[in-house]
Amino acid sequence: MREWEHYEHTADIGIRGYGSTLEEAFEAVALALFDVMVDVRKVEPRECREVEVEGEDLMALLYSFLEELLVLHDMEGLVFGDFRVEIEEGGEGYRLKARACGEPLSEKHGPKEEVKAITYHEMEIRQLSDGRWMAQLVPDI
């Protein structure tokens, strides 16, 4: 059960993802990130990329994951609309393996804003009282 939303922020756009698991929350916030840039409902899963990152804590892991997706977008011109994330906790922190699927950016995606960078601004990852997970941050637009 992945859900995502954008929320009001002074000069930028906040992104927030929810899921019944931590992995789903990470998938949802990645969808929210790409929906800042394009209409993710119009992105077809024509090409997939494997992403592996590590982080000393969950916030570092989320930062590294989204930054890697943004690098793929910038270097290869891809936009993503489908994600599958696996997270493992180890002695040194966390490891994330993901599969991101999408296609080259085109006018059909209804380009919106350019995301310049991932930030720790208002970053939060937590389990809600109803058991769902939530992940949020404000990227640099």
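Whatever comes next refers back to the structure up there.
Not measured: the values here are computed from a predicted model.

Basis of the calculations
- Residues numbered from 1 in each chain as written.
- Predicted model: local features only at pLDDT ≥ 70, side-chain atom pairs only at ≥ 80, totals over all residues.
- Heavy atoms only, no water.
- Pairing = 2+ DSSP bridges.
- Helix = DSSP H or I, 4+ residues; strand = E, 2+ residues; numbered from the N terminus.
- Axes fitted to C-alpha atoms, helices over the stretch in contact; angles between N-to-C directions.
- Contact = heavy atoms within 4.5 Å.
- Parallel < 35°, antiparallel > 145°, perpendicular 65-115°, else oblique.
- Left-handed = near helix turned anticlockwise from the far one by under 90°.
- Nonpolar A, V, L, I, M, F, W, Y, C, P; charged D, E, K, R; others polar.
- Disulfide = S-S within 2.5 Å.

A. View of the sheet that holds strand β3 (residues 47-55). Pairing is antiparallel across the open sheet formed by three strands, whose spatial order is β3-β5-β4. If you trace the sheet from one side to the other, it starts and ends with β3 and β4 (78-90), each paired once. Pairs of neighbouring strands in the sheet enclose a mean axial angle of 20 degrees, with direction left out of account. In this sheet, strand β5 (residues 93-104) lies alongside β3 in antiparallel orientation, the contact comprising nine bridges. Of the residues in β5, the one forming a bridge with E52 is K97. Contacts from helix α1 (residues 22-37) reach β4 and β5, with the element oriented near 150 degrees to β4. Against the sheet, helix α2 (residues 58-76) touches β3, β4 and β5, its axis set at about 145 degrees to β3.

B. The arrangement of the packing of α1 against α2 in detail. Relative orientation of the contacting elements α1 and α2 amounts to 40 degrees, with a least axis distance of 11 Å. By the angle between their directions, the pair α1 and α2 is classed as oblique. Relative to α2, the crossing made by α1 is right-handed. Packed against α1, whose contacting residues are L22, F26, V29, A30, L33, F34 and M37, the element α2 presents L58, L61, L62, F65, L66, L69, L70 and H73 at the interface. Its residues assigned to classes, the contact of α1 with α2 comprises 14 nonpolar, one polar and no charged.

C. How the structure looks around the state of the cysteines. The tally for this structure, following the rule as stated, stands at one disulfide. Each sulfur of the disulfide joining C48 and C101 lies 2.0 Å from the other. Judged by the sign of its S-S torsion, about 105 degrees, the bond between C48 and C101 is right-handed. Here C48 is found in strand β3, whereas its partner C101 is found in strand β5, with 53 residues between them in sequence.

As far as function goes, none of this settles anything; it's purely spatial.
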